[in-house]
Amino acid sequence: MKNKIYSSFDQAVEGLPDGSTVMFPGFGGGGLPRNLIAALHRQGAKDLTGVSNNAGALDDKVDVGTLVEAGQMKKMICAFTAATHPSRITPFVQMYNNDEIDAELVPQGTLAERMRAAGAGIGGFYTPSSVGTELAEGKEHREINGRMHVLEHPLFGDYAFIRAWKADTFGNLQFRLTQRNFNVVMAMAATVTIVEVENEIVEAGELEPDHIHVPGIYVDRMVTIPPDGIWY
Amino acid sequence: MAEKPKLERQAMCDRLAMEFQDEWIVNLGVGMPTLCSNYVDPSRDIITHSENGVIGYGPLAEEGKEDGHLVNAGGQFVTAQPGMSILHHADSFAVIRGGMVDVTVMGAYEVAGNGDFANWRIPSRKGGGIGGAMDLAACAKRVFIAMEHNTREGGPKLLNRCTLPITAPGVVKLLATDLGLFEITPEGFVLREHAPGWNPEEIQELTEAKLIIPPDLKEFRFRA
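Computed from a prediction, not measured in an experiment: that's the story for all the values here.

A.B. asks: Before we go on, may I ask you to explain the overall build of chain A in this structure?
C.D. replies: Within chain A, the regular secondary structure consists of 6 helices and 12 strands. Over its C-alpha atoms chain A spans a radius of gyration of 18 Å, differing by no more than 12% from the 17 Å that the globule rule assigns to 232 residues. When the backbone C-alpha atoms are referred to their principal axes, chain A occupies close to 50 × 45 × 30 Å. Sequence separation of 24 or more characterises 78% of the internal contacts of chain A that already satisfy a separation of 6 or more. With an accessible surface of roughly 9,800 Å², chain A has 48% of that area assigned to carbon and sulfur atoms.

Next up, the structure:
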């Protein structure tokens, strides 16, 4: 069996090239791969395209906003490209206003489904979400079962950074509660999937096959979060 | 002259929550609508859904008892309850687009008499915050809105047509503001209940759209 266990986060992100598309899961802090993001910040790759629910800086800890602020991102594909409150000026908002970073705004369900389509080998899909709004302008429309839909395309990643609760040596992953969020579709949509794991990685066979959320075939590299890692 | 008291946000959300029916799957948006969860009639059997992939979660967690792995759509720590289930993000939106959500409650900048509403972008700012709002607005069975009746500058928010980019066309069914409860019908806004001390003429004066005043207009209902 191929060894997927890496000794450090720095080693796990080594060689990630400039210009890559990187997928960052996480919702309200849960399932957010902060240790891998910190390692990518140290690694310094630039001209990256990020796929994430938002552009980060949700709290004062490391998140995708750290990479934005460091000038490593050239574009963000998100469901939020404005701060949660007009008075909150995040580094992303400042750079976006100055045209120093590009962005694509996607409804959250469409964002998730575009990644699912990429992972599932689906060439695109029609959704009623955003029909009649300015986000649907210029997109192919089609009436299906009496309802108008717009065509959306798959969204692929070069890398996905994943935060899991448990893993085995084969790379099978389990998540706990709402930590799961975008992790599953991102692991499937990306070419290289790198995982930070909250528990000690167990031998293959120790996790129940019926309770696997991401099969190990999608997983390339794993690092157990050390006691002095970023836990929340 | 002292300004007349308007309805509190909690009262607005309580009123919308009174409309929830047994076994409805309810999705509460970020911000004011989460207040709906403070009042759910105990005799009603409501099922909560949050777009980050949880069905059947309980009330907000007490301080010190938060579980870092369990949050609602607003990122607030909530509690587990019997029957709860977890989905990944794409499946959670399959629940939404698949038509399983009976009602979504959201905030808004503007609502129009044709049922359009706007809550994701202000043209003076670059970018926007859509989150799950467009999927929910397009696909939930009902869209309820909770918002202040007027802008901070006193401008109208119940309009003939939205001026801001809309979130979805023609979907709003019920609206609670700090001046009353409004139903949106094919004919436009119907004032169903007025805030105590406010008469229909005073409410109309603060509203751009023409309000329909039904003969059975009532005073706003508060939680028992």
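Once the structure has been displayed, the description carries forward.
A.B. asks: Would you take a moment to explain helix α1 (residues 9-17) of chain B for this structure?
C.D. replies: Owing to its 3.6 residues per turn, the α-helix brings residues three or four apart onto one side. Most of α1 of chain B is tucked away, with 7 of its 9 residues classed as buried. Close packing links the buried residues of α1 of chain B with β5 (103-106), β8 (143-146), β10 (172-177), β11 (180-185) and β12 (188-194) of chain B.

A.B. asks: Whenever I open this one, the pairing of strand β11 (residues 190-197) of chain A confuses me. Can you help?
C.D. replies: Every other side chain in a regular strand lies on the same face of the sheet, so the side chains alternate between the two faces. Residue and element names in this part refer to chain A. Of all 8 residues in β11, 7 are buried; the element is thus mostly enclosed. Direction of pairing for β11 relative to strand β12 (residues 221-224): parallel, over a ladder of 4 bridges. Note that in β12 the partner of I194 across the bridge is R221.

A.B. asks: How do you make sense of the nonpolar core when you look at a structure like this?
C.D. replies: What tends to happen in soluble globular proteins is that the nonpolar side chains get buried as a cluster. Membership of the largest hydrophobic core comes to 57 residues, with the highest contact counts inside it found for F20, V111, F117, I145 and F189 of chain B. Dropping the residues within four chain positions of it, F20 of chain B is found in contact with V26, L28, C36, R44, I46, V103, V105 and F144 of chain B. Among the nonpolar cores identified, the runner-up in size contains 33 residues, and A12, A39, V68 and I225 of chain A belong to it.

A.B. asks: I keep staring at the sheet that holds strand β5 (residues 125-127) of chain A and nothing clicks. Help me out?
C.D. replies: In a beta sheet, neighbouring strands are held together by backbone hydrogen bonds and run either parallel or antiparallel to one another. Residues and elements named next belong to chain A. Taken in spatial order, the 3 strands make up an open sheet running β5-β7-β6, and their pairing is antiparallel. Each edge of the open sheet carries a strand with a single partner, namely β5 and β6 (141-144). Adjacent strand axes in the sheet meet at a mean angle of 45 degrees, parallel and antiparallel pairs treated alike. One ladder, built from 4 bridges, connects β6 with strand β7 (residues 147-152); its direction is antiparallel. Bridge pairing in β7 places E143 opposite M148. Its contacts with the sheet put helix α5 (residues 108-120) on β5 and β7, and the angle it makes with β5 is roughly 165 degrees.

A.B. asks: Looking at this model, I keep getting lost on helix α2 (residues 89-97) of chain B. Mind explaining?
C.D. replies: Looking at α2 of chain B, one finds that the buried residues are H89, A90, S92, F93, V95 and I96 of chain B. As for α2 of chain B, its buried residues are in contact with α5 and α6 (183-189) of chain A together with β2 (47-50), β3 (54-55) and α3 (133-139) of chain B.

A.B. asks: Help me out: how do you make sense of the interface of chain A and chain B in this one?
C.D. replies: Interface extent is often summarised as the accessible area lost during association of the parts. Taken together, the 42 residues of chain A in the interface contact 38 residues of chain B. Taken together, the two surfaces of chain A and chain B that pack against each other cover about 3,300 Å², and 60% of this comes from carbon and sulfur. Applying the counting criterion to the chain A and chain B interface returns 4 salt bridges. Residues R121 of chain B and E134 of chain A are paired through a salt bridge, measuring 3.1 Å at the closest nitrogen-oxygen approach. Here chain A and chain B share 21 residue pairs in polar contact (both at pLDDT 80 or more) between them. Those elements that place two or more of their residues in the side of chain A that touches chain B are α4 (91-97), α5 and α6 of chain A. Looking at the side of chain A that touches chain B, the element that brings in the most residues is α5 of chain A, giving 6 residues. Considered class by class, the residues forming the side of chain A that touches chain B number 18 nonpolar, 16 polar and 8 charged.

A.B. asks: Would you mind going over the confidence of the model for chain B with me for this structure?
C.D. replies: Regions with low pLDDT carry predicted coordinates that are not meant to be interpreted in detail. Summing up the model confidence of chain B, the mean pLDDT is 94 and the portion of residues at 70 or higher is 97%. Both scores are given for the predicted complex: the pTM is 0.96, the ipTM 0.96.

A.B. asks: Can you walk me through the sheet that holds β12 of chain A in this structure?
C.D. replies: All names here are of chain A. On the basis of which strands lie adjacent, the open sheet formed by 7 strands has the order β4-β3-β2-β1-β8-β11-β12 and parallel pairing. The strands lining the two open edges of the sheet, one partner per strand, are β4 (102-105) and β12. Strand after strand, the sheet turns through a mean of 20 degrees between neighbouring axes, direction not considered. Bridge count for strand β2 (residues 48-51) against strand β3 (residues 73-78) is 4 bridges, and the pairing is parallel. Opposite T49, over in β3, you have K75 as the bridge partner.

A.B. asks: Before we go on, may I ask you to explain the packing of aromatic side chains in this structure?
C.D. replies: Between two aromatic rings, the relevant description is the distance of the centres plus the angle of the planes. Across all of its chains, the model carries 4 aromatic pairs over all chains by this definition. For the cation-ring pair, K4 of chain A lies above F170 of chain A, with the distance from its terminal atom to the ring centre recorded as 4.8 Å. Across from the ring centre of W198 of chain B, 4.7 Å away, lies the NZ or CZ of K4 of chain B, which sits over that ring.

A.B. asks: Would you take a moment to explain the environment of R142 of chain B for this structure?
C.D. replies: Residues and elements named next belong to chain B. Topologically, R142 is positioned in the loop between α3 and β8. Separated by 30 residues in sequence, R142 and A112 place their C-alpha atoms 16 Å apart. Among the polar contacts listed, one links the side chain of R142 to the backbone oxygen of D102, at a separation of 3.0 Å.

A.B. asks: I tried to follow the environment of N181 of chain A on my own but got confused; where do I start?
C.D. replies: Positionally, N181 of chain A belongs in the loop between β10 (173-174) and α6. Exposure remark for N181 of chain A: the relative accessible area of 0% places this residue in the buried category. Residues N181 of chain A and H141 of chain A, spaced 40 residues apart in sequence, show a C-alpha to C-alpha distance of 29 Å. Not counting residues within four places of it along the chain, the set of residues in contact with N181 of chain A comprises P25, G26, F27, G30 and G31 of chain A together with N52, H88 and H89 of chain B. Within the structure, N181 of chain A has its side chain in polar contact with the backbone nitrogen of G26 of chain A (distance 3.0 Å).

A.B. asks: Would you take a moment to explain the packing of α5 of chain A against α2 of chain B for this structure?
C.D. replies: Packed helices, taken two at a time, are described by the angle between their axes plus the distance between the axes. Two elements in contact, α5 of chain A and α2 of chain B, have axes separated by 9 Å at closest approach and are oriented at 125 degrees. As summarised for this structure, α5 of chain A and α2 of chain B are arranged oblique, according to the angle between their axes. As for how α5 of chain A packs across α2 of chain B, the hand of that crossing is left-handed. Here Q108, G109, T110, A112, E113 and R116 of chain A of α5 of chain A lie close against α2 of chain B, whose contacting residues are H89, A90, F93 and R97 of chain B.

Rules used in this analysis
- Residues numbered from 1 in each chain as written.
- Chains lettered and ligands numbered in written order.
- Predicted model: local features only at pLDDT ≥ 70, side-chain atom pairs only at ≥ 80, totals over all residues.
- Heavy atoms only, no water.
- Helix = DSSP H or I, 4+ residues; strand = E, 2+ residues; numbered from the N terminus.
- Rg over C-alpha atoms; globule rule 2.2 N^0.38 Å.
- Contact = heavy atoms within 4.5 Å.
- Areas by Shrake-Rupley, 256 points an atom, 1.4 Å probe, with all protein chains shown as cover.
- Buried < 20%, exposed > 50% of the residue type's maximum accessible area, 1.4 Å probe, protein only.
- Pairing = 2+ DSSP bridges.
- Core = buried A, V, L, I, M, F, W, Y, C linked by side-chain atoms within 4.5 Å.
- Axes fitted to C-alpha atoms, helices over the stretch in contact; angles between N-to-C directions.
- Buried area = accessible area lost by both parts, 1.4 Å probe.
- Salt bridge = Lys/Arg side-chain N within 4 Å of Asp/Glu carboxyl O.
- Polar contact = N/O pair within 3.5 Å; in protein donor to acceptor, adjacent residues only side chain to side chain.
- Nonpolar A, V, L, I, M, F, W, Y, C, P; charged D, E, K, R; others polar.
- pLDDT = per-residue confidence, 0-100.
- Phe/Tyr/Trp six-rings, centres within 6.5 Å; stacked < 30°, edge-to-face > 60°.
- Lys NZ or Arg CZ within 6 Å of the ring centre and 35° of its normal.
- Parallel < 35°, antiparallel > 145°, perpendicular 65-115°, else oblique.
- Left-handed = near helix turned anticlockwise from the far one by under 90°.

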